[in-house]
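Topology and contacts: notes
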Amino acid sequence: MDTQIFDKVENPKNSEGEKSAHDNVPDLASVNSNDEPVDLELSEEEATDTKKSRKKNKKAARKDGASSFVTNLFDWASAFLFALIIVVMLMTFCFRLVDVDGDSMLETLQDKNKIIVTGLNYEPQVGDIVVISHGAELDKALVKRVIAVGGQTVDINSETGEVIVDGIVLDENYINGKTTAIGDVEFPIDVEEGTVFVLGDNRPISKDSRFTEVGLIENENIIGKVRYRIYPFDEFGKVQ
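This is a predicted model, so every value here is computed, not measured.

So, the overall build of the chain
Regarding its fold elements, the chain presents two helices and twelve strands. In the chain, the succession of α and β elements from N to C terminus is α-α-β-β-β-β-β-β-β-β-β-β-β-β. Going through the 240 residues of the chain one by one, you find that 26% of them count as buried. Considering only contacts within the chain whose residues lie at least 6 apart along the sequence, 59% involve residues at least 24 apart. Split by element, the accessible area of the chain, about 17,300 Å² in all, is 54% carbon and sulfur.

Here is the structure:
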């Protein structure tokens with residue numbers, strides 16, 4: 001019985017001792033180590049297409065930038081309009097900015113003072129300083145202090161200058177000058193429901209409920225209560 005023996009070949013070589021074809025494969029790690037970069041020349045048609053593509057990209061970028069600017073501008077305009085609407089609503093329903101005209105409220109308020117007035121759900125109280133749209137015959141806005149409300153009785157002693165409400169002399173440490181002038185209204189006077197009796201703090205010159213052209217003020221003609229003085233800035237603060 002014949003036996004075939006197969007030799008294990010570990011380093012195959014041809015009969016002349018030359019290296020095999022596998023030994024001719026270059027080392028991949030060193031193939032490109034010293035090679036120069038390949039300069040690929042584009043055809044004229046390819047170059048033209050490339051230029052057109054770049055121009056198209058630039059136009060698209062400019063268009064996107066313009067679109068972004070318009071969008072931002074629209075957002076800013078919308079925000080400004082919304083803020084303006086809020087301010088108008090607040091100025092209409094919550095508070096108003098009013099200029100003081102004249103000296104009838106010295107020393108509490110001076111001419112040209114800027115004051116903030118609130119009128120939302122306001123009910124007049126004794127001692128409040130209020131802005132009034134007009135008097136009984138006087139078609140002019142007024143700033144006065146509420147002395148009495150509906151249901152109370154007001155009297156003025158022209159000799160002592162005392163103001164008396166429901167038989168009680170008021171302690172008026174805010175006035176500038178005594179209340180010696182009683183105008184053309186007959187005292188004592190009963191304040192009707194839904195109205196108030198007002199006086200200015202500068203009693204010698206104030207035109208107020210002592211005079212029939214102003215008279216008793218209906219509550220619906222009260223714009224609101226004076227809360228703060230915002231000008232001049234060095235007198236900024238709450239108005240008492």
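Section: a nonpolar patch on the surface
A cluster of nonpolar side chains, namely F80, L81, F82, L84, I85, I86, V88 and M89, defines an oily patch on the protein surface of about 780 Å² accessible area. Position of V88 among the secondary structure elements: in helix α2 (residues 44–94). For V88, a relative accessible area of 44% puts it in the partly exposed group.

As for the nonpolar core
In terms of nonpolar packing, the biggest core is built from twelve residues, these being I147, A148, V154, I156, V163, V165, V185, F187, I189, V191, F197 and L199. For this core, the elements supplying multiple residues, two or more each, are β4 (142–149), β5 (153–157), β6 (162–165) and β9 (195–199). Membership of the second largest hydrophobic core comes to eleven residues, among which are M105, V117, V131 and V226.

Details of the layout of surface pockets
Considering only enclosed or pocket space, the largest pocket measures out at about 300 Å³ in volume. In terms of lining residues, the largest pocket is bounded by 18 residues, among which D101, K140, A141, L142 and V143 are the most central. Sort the elements by how many residues they give to the lining of the largest pocket and β4 lands first, with three residues. Here the lining of the largest pocket is built from residues that sort into nine nonpolar, three polar and six charged.

What about the confidence of the model for the chain?
Low pLDDT means the predicted atomic positions in that stretch should not be read closely. Within the chain, residue pLDDT values average 81, and 71% of them lie at 70 or more. Overall, residues 1–22 carries pLDDT values under 50, and its contacts beyond four positions in sequence, including any with other chains, amount to two contacts. Note on residues 28–34: pLDDT under 50 across the span, and one contact to partners over four residues away in sequence or across chains.

Criteria and cut-off values
Residues numbered from 1 in each chain as written. Predicted model: local features only at pLDDT ≥ 70, side-chain atom pairs only at ≥ 80, totals over all residues. Heavy atoms only, no water. Helix = DSSP H or I, 4+ residues; strand = E, 2+ residues; numbered from the N terminus. Buried < 20%, exposed > 50% of the residue type's maximum accessible area, 1.4 Å probe, protein only. Contact = heavy atoms within 4.5 Å. Areas by Shrake-Rupley, 256 points an atom, 1.4 Å probe, with all protein chains shown as cover. Patch = residues over 30% accessible without salt bridge, like charges linked within 9 Å, V, L, I, M, F, W, Y side chains within 5 Å. Salt bridge = Lys/Arg side-chain N within 4 Å of Asp/Glu carboxyl O. Core = buried A, V, L, I, M, F, W, Y, C linked by side-chain atoms within 4.5 Å. 1 Å grid on protein atoms, 1.4 Å probe; cavity = no way out; pocket = protein on both sides within 12 Å on 5 of 7 lines; lining within 4 Å. Points joined across faces, edges and corners; volume = space filled by probe spheres on them. Nonpolar A, V, L, I, M, F, W, Y, C, P; charged D, E, K, R; others polar. pLDDT = per-residue confidence, 0-100.

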